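Working through the structure, step by step
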Amino acid sequence: MNTFLNRRGRQTTSLRDPSPDTTSSSASPPDTGVDISSTDYAHRRRELMKMMADLKSMGAEALIDLPSVVVIGGQSAGKSSLVEAVSGINVPRDSGTCTRCPMECTMSSHATSWSCSITLRMNFDSNGKDMAKTVTVPFGRTITDRNEVEVWLRRAQSAILNPNLPSASFHTKTIEELRNTRNTLKFSRNVVCVSIEDPDATDLSFYDLPGLIQNEEAETVALVKGLAEHYTQKKNTIILTTIPMSDDMENQQSMSLARAADPDGKRTIGVLTKPDTLGAGAINQRKRWVEIIEGHSEDHKLRHGFYCVRLPDDAERSQRLSRAELQRRAAEYFDTTPPWNGVADRHRFGIPGFVSDVSRLLIQLIEEALPRLREDIDKLLAQCNQELGALPPPLANDPQIEVLGRVNAFCDVFKGYVNGSHEDKRLAQRNRALYAIFKRDIRGTAPDFRPFENTEDCPPLDDTKGKMTLTERDPGVKTMGIYEISKVIQEAIGWELPNNVPYQAKANLIAGFIKLWAAPSERCLAGVNDVLDQVIDTLIGIHFGRFRVLEGYVGNLIRTQVDICKALAKEAVKKALDLETTPYYTQNTHYLQTLSEKWLAYYKVVRHRPKNDRVQLAYAHESVYRGEPPESKALRALAEAGYANLSIPDLARLLPPDSREKELIVMADVRAYYHVAYKRIIDHIPLTIEHALHHALAEQLSQSLLTSLLTDVASGSNFSERMNELVSEDPSIAQKRASLSTRKQRLSDIRRRLVTFGNNI
């Protein structure tokens with residue numbers, strides 16, 4: 001299209017002048033003065049026009065931008081007369097809007113006698129939506145009498161506007177019957193195609209659009225304008241805009257629309273009509289029009305300029321004069337009437353030169369667009385194949401094999417998720433994160449014992465080495481000092497001998513933190529259940545989502561089994577927590593004894609520190625002493641005395657007896673048992689959940705699904721029919737595959753036609 005858009009020379013240079021960069025393979029005819037209808041150019045022109053007609057019949061226009069010519073104009077601009085003069089046929093004429101759908105007129109000179117055939121090209125349904133495949137409907141017989149064309153065009157348009165009626169039902173309707181028909185549609189984008197074989201014609205194809213209107217309902221005005229915009233905005237479209245010389249150029253809606261679509265005027269041609277309506281006194285008007293035709297008007301410049309035509313008036317049309325006679329009269333008018341007879345470029349006047357130039361321009365445009373059309377089709381075909389490849393293939397297996405295969409595949413993948421062997425580790429990783437939170441929450445239930453009468457005298461003691469303080473403590477944990485522990489002991493005394501601390505006192509304190517473990521366990525299980533639901537939903541979608549019926553049916557069976565395992569897991573967690581209630585027991589006695597001694601020593605050391613140093617002792621890892629800590633001095637002195645390998649808790653043995661010894665022992669024993677039970681529960685609950693929920697589900701799921709599936713399906717009246725129903729494809733996917741397959745076939749046919757043309761030339 002570059003040559004087409006960048007022809008050199010003045011704007012008034014005739015389109016028949018060959019472009020400077022035209023090669024020998026171009027469609028431009030040789031400038032030899034011989035009859036070009038018998039030249040190689042004529043042959044190639046006919047082949048190009050035939051190829052364009054074939055591509056349009058295949059629906060290529062809806063996919064790629066085919067080179068074309070479109071005629072637009074207002075209702076009183078002489079557009080219908082121009083179409084008649086160019087095509088040699090009579091088109092329907094009525095008051096108001098007569099043309100209500102595009103008409104494509106294709107003229108071929110490769111014939112020995114005149115004939116005309118009409119087809120309906122349907123690209124849109126009754127709602128105006130694109131059809132999957134272009135439908136071409138032959139309309140009526142071949143016409144050999146020019147006088148019959150008009151009524152057949154009326155019939156064809158009525159068939160287009162009533163898509164729900166058989167087109168053949170309009171073949172015999174009279175003009176009066178057609179005028180009285182109440183059409184289903186006001187306008188349509190489907191096309192009436194008129195193919196004319198005329199030995200006296202010039203090979204050309206163009207679209208005639210409904211005339212632009214202004215004094216109608218807003219909806220009708222918008223429909224007509226939208227149709228014109230649809231055609232003119234295509235970059236491979238030559239716009240022929242008809243402009244009556246009886247009116248100012250600025251008042252022409254067709255010219256405004258052409259400028260909007262083609263701001264630089266590279267593909268617009270102005271066709272000036274009704275020059276004989278300018279009276280002898282309209283001197284200034286005639287002068288302005290001459291400037292426009294000669295290309296001297298700065299306000300109205302087009303790359304390919306303007307043409308001026310005189311079209312037959314009503315009297316001449318009624319005489320049914322021949323094309324040759326009408327053209328002779330027009331030529332005589334322009335040659336004898338000033339100021340038109342004074343314009344140097346005579347090719348700018350009359351129908352023959354105009355049609356010849358537009359034909360050459362269209363052929364040139366087609367030639368230049370061919371490589372790009374092939375590229376565009378290849379891209380669309382590749383995209384179509386990609387979209388088809390993204391869809392699931394049509395069902396190839398027996399329905400029963402398909403169903404059972406998908407169930408087994410689902411169960412195998414889920415097992416891989418559970419045992420961690422699948423490449424997707426999200427189930428294990430997310431559950432590990434939840435178990436870490438559970439561990440933190442259980443750690444937050446540790447008893448908060450402070451070995452002082454006033455608990456505010458010391459911060460929390462969460463580690464025997466003073467190196468850790470809990471950042472998240474369970475709100476159910478109560479701070480307990482010497483007085484609180486003494487009260488627990490007193491309340492538990494029964495018939496014990498003097499100086500014996502009741503076991504029940506320790507048991508009550510242990511029960512205090514054990515009961516706090518229920519809530520973190522329930523939160524942990526709930527979180528794991530949520531993760532499981534998400535994984536199950538994802539896998540159901542992956543394995544059964546292609547078949548909506550199967551997805552819903554098997555999904556319900558799976559979720560039922562999941563709910564059963566959830567209930568069993570909940571009960572198992574409850575039993576695991578019950579194991580931590582009475583009796584409070586451990587065989588890890590060495591660890592329990594060691595911890596008890598450490599905590600007792602730690603409590604004693606903290607208790608005998610000066611009040612101002614207690615915080616420093618509790619946070620020894622954060623303390624900053626000006627000198628050496630006193631405990632370190634003591635240990636260094638003992639080491640020098642021969643008592644090596646001692647630690648700070650060992651110093652507690654050197655302390656004098658404490659009046660609160662029994663309270664400190666209770667604190668130490670309970671705190672030690674907490675750590676023993678804590679280490680046990682943080683593993684026991686996660687393992688219980690994993691085995692009672694995930695592993696149990698993975699082991700039972702396959703057998704449960706197959707049993708439920710076969711039992712349910714077999715209980716029906718028709719096993720095979722039920723299986724077919726389960727794997728019935730989602731209608732939207734089937735519809736999309738069918739649409740893409742049709743589109744692919746359409747693109748392949750178009751590509752084959754383009755490639756075949758290139759190989760044959």
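Here the structure is a predicted model, which means the values were calculated and not measured.

Moving on to the overall build of the chain. Helices and strands together make up the secondary structure of the chain, namely 23 helices and 11 strands. The buried share of the chain, taken over its 761 residues, is 48%. Intrachain contacts of the chain at a sequence separation of at least 6 include 80% that bridge at least 24 residues. Counting every atom, the chain has about 37,400 Å² of accessible surface; 50% of that belongs to carbon and sulfur.

Counting 83 residues, the largest nonpolar core has Phe410, Phe414, Trp517, Ile558 and Ile689 as the members making the most contacts within it. In terms of residues, this core owes the most to one element, helix α21 (residues 661–714), which gives 21 residues. When residues no more than four places from it in sequence are discounted, the contact partners of Trp517 are Ile442, Thr445, Leu577, Glu580, Tyr674, Ala677, Tyr678 and Ile681.

Note that Arg320 resides in the loop between α9 (314–318) and α10 (323–336). Relative accessible area serves as the criterion here: at 54%, Arg320 is assigned to the exposed category. Placed 173 residues apart in sequence, Arg320 and Asn147 show a C-alpha to C-alpha distance of 9.3 Å. Engagement of the side chain of Arg320 in a polar contact is seen with the side chain of Asn147, the distance being 3.0 Å.

This paragraph deals with the side chain of Thr242. Its location among the elements puts Thr242 in strand β7 (residues 237–244). For Thr242, the residues in contact, after removing those within four places along its chain, are Val71, Ile72, Gly73, Ala77, Lys79, Leu82, Gln252, Ser254 and Val271.

With that settled, consider the pairing of strand β8 (residues 268–273). Among the 6 residues in β8, 6 count as buried, and that is most of the element. Neither face of β8 is open: one carries Thr268, Gly270 and Leu272, the other Ile269, Val271 and Thr273, and all of them are buried. In the sheet, β7 pairs with β8 via 6 bridges, with the strands oriented parallel. Bridge pairing links Thr242 to Val271 in β8. Running through helix α7 (residues 253–261), the crossover from β7 to the neighbouring parallel element β8 is right-handed. Two strands pair when backbone bridges link them, and β8 and strand β9 (residues 306–308) are joined in this way by 3 bridges, in the parallel orientation.

All right, on to the packing of helix α6 (residues 218–232) against α7 then. Here α6 crosses α7 at 40°, and the two axes come no closer than 10 Å. Our classification of the angle between α6 and α7 gives oblique. Read as a crossing pair, α6 and α7 show a hand that is right-handed. Here α6 contributes Lys225, Ala228, Glu229 and Thr232 to the contact with α7, which in turn contributes Gln253, Leu257 and Ala261. Each residue belonging to the contact of α6 with α7 can be placed in one class, and the counts come to 3 nonpolar, 2 polar and 2 charged.

Strand order in this open sheet of 9 strands is β4-β3-β5-β2-β6-β1-β7-β8-β9, and the pairing throughout is mixed. Strands with a single pairing partner mark the edges of an open sheet, and in this sheet they are β4 (130–143) and β9. Here the strands of the sheet are splayed against their neighbours by 25° on average, with no regard to which way each runs.

As a further point, take unusual backbone geometry. The residue after Pro338, namely Pro339, is reached through a cis peptide bond having omega 0°. Relative to the helices and strands, Pro339 is located in the loop between α10 and α11 (351–390). Residue Pro583 follows Thr582 across a cis peptide bond; omega there is -5°. With respect to the helices, strands and loops of the structure, Pro583 is situated in the loop between α17 (548–578) and α18 (589–607). A positive phi angle is found at Lys274, which is not glycine, with a value near 60°. Here Lys274 shows up in the loop between β8 and α8 (283–294). On the accessibility criterion, Lys274 (29% relative accessible area) is partly exposed.

Per-residue confidence for the chain gives a mean pLDDT of 86, with 90% of residues at or over 70. Within the model, pLDDT remains below 50 along residues 1–37, and this stretch shows 81 contacts once partners closer than five positions in the same chain are excluded. Residue range residues 618–625 is modelled with pLDDT below 50. Its contacts to residues more than four positions away, or to other chains, number 18 contacts.

So, about the packing of aromatic side chains. Applying the stated criterion across every chain yields a total of 12 aromatic pairs. When the ring of Phe513 is compared with that of Trp517, the centres are 5.7 Å apart and the planes differ by 45°; the resulting orientation is tilted. With relative accessibility at 3%, the residue Phe513 sits in the buried group. Looking at Trp517, the relative accessible area reads 0%, which means it is buried. Three or more aromatic residues joined by ring pairs make a cluster, and in this case those are Phe513, Trp517, Tyr674 and Tyr678. The ring of Phe170 has Lys173 lying over it, and the distance from NZ or CZ to the ring centre is 5.8 Å.

The subject of this paragraph is the pattern of salt bridges. Under the definition given, this model contains 43 salt bridges. Between Asp314 and Arg317 there is a salt bridge, and its shortest N-O distance comes to 2.0 Å. Here Asp314 pairs with Arg317, and both are found in helix α9, just 3 residues apart, close to one helical turn.

The end-to-end C-alpha distance of helix α2 (residues 40–57) is 26 Å, a good match for the 26 Å that 18 residues give at a rise of 1.5 Å each. Within α2, burial applies to Tyr41, Ala42, Arg44, Arg45, Arg46, Leu48, Met49, Met51, Met52, Leu55 and Lys56. Phi for Gly59, located one or two positions after α2, is positive at around 85°.

For the coordinates displayed, the defined rule picks out 0 disulfides. With no disulfide of its own, Cys116 has Cys105 as its nearest cysteine by sulfur position, at a separation of 7.6 Å. Classification of Cys116 as buried rests on a relative accessible area of 1%. Of all cysteine sulfurs in the structure, the one in Cys101 sits closest to Cys193, which takes part in no disulfide; the separation is 9.5 Å.

Contact geometry for α17 and helix α22 (residues 719–726): axes closest at 6 Å, N-to-C directions at 100°. What the angle tells us is that α17 and α22 run roughly perpendicular. Residues Val549, Leu550 and Tyr553 of α17 touch α22, and the partners they reach there are Arg722, Glu725 and Leu726.

Quick notes on the rules
Residues numbered from 1 in each chain as written. Predicted model: local features only at pLDDT ≥ 70, side-chain atom pairs only at ≥ 80, totals over all residues. Heavy atoms only, no water. Helix = DSSP H or I, 4+ residues; strand = E, 2+ residues; numbered from the N terminus. Buried < 20%, exposed > 50% of the residue type's maximum accessible area, 1.4 Å probe, protein only. Contact = heavy atoms within 4.5 Å. Areas by Shrake-Rupley, 256 points an atom, 1.4 Å probe, with all protein chains shown as cover. Core = buried A, V, L, I, M, F, W, Y, C linked by side-chain atoms within 4.5 Å. Polar contact = N/O pair within 3.5 Å; in protein donor to acceptor, adjacent residues only side chain to side chain. Pairing = 2+ DSSP bridges. Right-handed = clockwise from strand over helix to strand, strands pointing away. Axes fitted to C-alpha atoms, helices over the stretch in contact; angles between N-to-C directions. Parallel < 35°, antiparallel > 145°, perpendicular 65-115°, else oblique. Left-handed = near helix turned anticlockwise from the far one by under 90°. Nonpolar A, V, L, I, M, F, W, Y, C, P; charged D, E, K, R; others polar. pLDDT = per-residue confidence, 0-100. Phe/Tyr/Trp six-rings, centres within 6.5 Å; stacked < 30°, edge-to-face > 60°. Lys NZ or Arg CZ within 6 Å of the ring centre and 35° of its normal. Salt bridge = Lys/Arg side-chain N within 4 Å of Asp/Glu carboxyl O. Expected span 1.5 Å × (residues − 1). Disulfide = S-S within 2.5 Å.

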